[in-house]
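# Reading the structure
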Amino acid sequence: MSQINIPILDLKSQYQGIKDEIQAAVNQVLESGQFILGPVVQAFETDVANYLGVKHAIGVNSGTDALVIGLRAMGILPGDEVITTPFSFFATAESISLVGAKPVFVDIRPDTFNIDPNLIEAAITPKTKAIMPVHLYGNPAAMAQILAIAAKHKLKVIEDCAQAFGATYHGDCVGCSCDQAAKESLTGRYVGSMGHVGAFSFFPTKNLGAYGDGGLITTNDDEIADMARMLRVHGAKERYKNLMLGYNSRLDAMQAAILQVKLRHIDDWNSKRRWVAENYSRLLADVEGVIAPVSSAGHVFHQYTVRLVGCDRDRVKQTLMDAGIGAMVYYPIPQDKLPIYLGEYPANPVSDQLGQEVLSLPMWPELSLTQIQQVASCLQKVLQ
Ligand SMILES: *Cc1c(COP(=O)(O)O)cnc(C)c1O
């Protein structure tokens, strides 16, 4: 087993496959002399809006900025409450706190790792202004039910799509209880096209990753789009006529050119991720102590994350890593239990439990069947 070397993620093999296309695109930007926003960014924004089926796509500096600017563009103000999941990367709740609003955490489902739609209504107060579902690990949240609740209570919805570029909703979300017609009306829609705002990250490790930081705001609402475009350039519609406090949060032309190339490959890469996941799930189906993730038709498996039950997850992780197999825990501490919020929130039992049980295995599109088999059999041996 000491010969194995399978990292959690390998970005080098993907680059080798698209090297010529990337270098040509980067060279064009270098020759053009225009490096921030400009025609290359606009061209990418048009391509990505067409791909996702949205009216507006607005490139920004990061996924975190996409969330912050998206919240402000939707009109979220200090003192407002925004309902979200405890089980996510801190940028989710951080963005809500950064605009002065209060994150309100609603527990997740143990099978989808996503916010439990059946618990949302009980968390709504007169201060609630929005819901921020996260499509965690690439699995679409229960959007039909979330949108129905939002419409009923006049709330905005901002989708955290950082881990789910290219994921589509098919109404097959486990445990959601909403009517068939609502599900069917959304079937096939890309994440980031269903709520009022979608926020994407192009951090290099994400499914559509740049070679640096980058992010994207999507919306079908002209006013939200106008506001987001202003906020990304210091709150100005015209240069030197600043109307509000904004940000310096623009997408680089170099990253946009790279992303435009990568967008042409994303369907292929996402379907390879699904193939990797299917093979893991097949090989781990009968392994005692492993609960494989539920799949859904539009899941894009940013992570392949299992639950380990009846064992010491951290010991299993260390043993895998000692054997040369990458393994990571996303996320050991739910957001509501982070030092910054400590003591402020009631317990979310499912999220707390899964923080102890989850383990993400190596996942990238170019993983071979042999590598998948090595990971699965090593995990099986460790658990015996
Ligand atoms: C990566 C990530 C973000 C933040 O994106 P950045 O581009 O790193 O700022 C937000 N939410 C989730 C769920 C993420 O995984």
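Description of the structure in this document. Given the structure is predicted, the values throughout are model-derived calculations rather than measurements.

### What to know about the site of the ligand
Of all residues adjacent to the ligand, which total 13 residues, the nearest are Gly63, Thr64, Asp160, Ser201 and Lys206. One of the backbone nitrogen or oxygen atoms of glycine 63 is found 2.7 Å away from an oxygen atom of the ligand. A distance of 2.5 Å is found between an oxygen atom of the ligand and a side-chain nitrogen or oxygen belonging to threonine 64. For the ligand, the protein covers 92% of the area, taking 380 Å² as the surface of the free molecule. The cavity that encloses the ligand is the largest pocket. Every element with two or more residues in the shell around the ligand is listed here: α3 (63–73) and α4 (91–98). Across the shell around the ligand, the residue classes tally to 4 nonpolar, 7 polar and 2 charged.

### Digging into the sheet that holds strand β3 (residues 102–105)
One open sheet holds the 7 strands; their spatial order is β1-β7-β6-β5-β4-β2-β3, and the pairing between them is mixed. Strand pairing shows two members of the sheet lacking a second neighbour, β1 (56–60) and β3, which therefore form its edges. On average, adjacent strands in this sheet sit at an angle of 25 degrees to one another, irrespective of strand direction. With 2 bridges connecting them, strand β4 (residues 128–132) and strand β5 (residues 156–160) associate as parallel partners. Its bridge partner being in β5, alanine 130 is matched across the sheet by lysine 156. Helix-sheet contacts for α3 involve β1, β2 (81–84), β4, β5, β6 (197–201) and β7 (215–219), and the interaxial angle to β6 is about 165 degrees. Across the face of the sheet, helix α5 (residues 143–152) comes into contact with β4 and β5 while running at roughly 150 degrees to β5.

### Quick look at empty space enclosed by the protein
The gaps of empty space that remain are located by a probe, the size of a water molecule, rolled over the atoms. Across all of its chains, the model carries 4 cavities of 30 Å³ or more by this definition. In this structure, the largest cavity spans a volume of roughly 80 Å³. Forming the boundary of the largest cavity are 15 residues, of which Leu11, Gln14, Lys206, Asn207 and Arg273 lie nearest the centre. Per-class residue counts for the lining of the largest cavity are 6 nonpolar, 4 polar and 5 charged. Each of domain 1 (12–263) and domain 2 (267–383) contributes no fewer than three residues to the lining of the largest cavity.

### A look at the sheet that holds strand β10 (residues 358–361)
Within the open sheet, the 3 strands sit side by side as β8-β9-β10. Their pairing is antiparallel. The strands lining the two open edges of the sheet, one partner per strand, are β8 (290–291) and β10. Bridging between strand β9 (residues 304–308) and β10 involves 4 bridges; their strand directions are antiparallel. Counted as the bridge partner of valine 306 is leucine 359 from β10. Here helix α9 (residues 266–284) sits on the sheet in contact with β8, β9 and β10, set at roughly 20 degrees to β9. Of the strands in this sheet, β9 and β10 touch helix α11 (residues 349–357), which is tilted by about 100 degrees from β9.

### Topic: the state of the cysteines
Within the structure shown, the criterion is met by 0 disulfides. Left unpaired, cysteine 311 is separated from the closest cysteine sulfur, that of cysteine 378, by 14 Å. Relative accessible area serves as the criterion here: at 30%, cysteine 311 is assigned to the partly exposed category.

### Let's talk about the packing of aromatic side chains
The tally for this structure, following the rule as stated, stands at 14 aromatic pairs. Both rings, one in tyrosine 51 and one in tyrosine 190, keep their centres 4.7 Å apart while their planes meet at 40 degrees; by these two values the pair is tilted. Linking tyrosine 51 in helix α2 (residues 38–52) with tyrosine 190 in the loop between α6 (180–186) and β6, this pair joins segments that are 139 residues apart in sequence. There is no split in this pair, since tyrosine 51 and tyrosine 190 are both buried. Chaining the aromatic ring pairs together yields one cluster made of Tyr51, Phe165, Tyr190 and Phe200.

Conventions used here
- Residues numbered from 1 in each chain as written.
- Predicted model: local features only at pLDDT ≥ 70, side-chain atom pairs only at ≥ 80, totals over all residues.
- Heavy atoms only, no water.
- Near = heavy atom within 4 Å.
- Polar contact = N/O pair within 3.5 Å; in protein donor to acceptor, adjacent residues only side chain to side chain.
- Areas by Shrake-Rupley, 256 points an atom, 1.4 Å probe, with all protein chains shown as cover.
- 1 Å grid on protein atoms, 1.4 Å probe; cavity = no way out; pocket = protein on both sides within 12 Å on 5 of 7 lines; lining within 4 Å.
- Sits in = over half its atoms within 2 Å of the grid points.
- Helix = DSSP H or I, 4+ residues; strand = E, 2+ residues; numbered from the N terminus.
- Nonpolar A, V, L, I, M, F, W, Y, C, P; charged D, E, K, R; others polar.
- Pairing = 2+ DSSP bridges.
- Axes fitted to C-alpha atoms, helices over the stretch in contact; angles between N-to-C directions.
- Contact = heavy atoms within 4.5 Å.
- Points joined across faces, edges and corners; volume = space filled by probe spheres on them.
- Domains from an automatic or database assignment.
- Disulfide = S-S within 2.5 Å.
- Buried < 20%, exposed > 50% of the residue type's maximum accessible area, 1.4 Å probe, protein only.
- Phe/Tyr/Trp six-rings, centres within 6.5 Å; stacked < 30°, edge-to-face > 60°.

On their own, these measurements won't tell you what the molecule is for.
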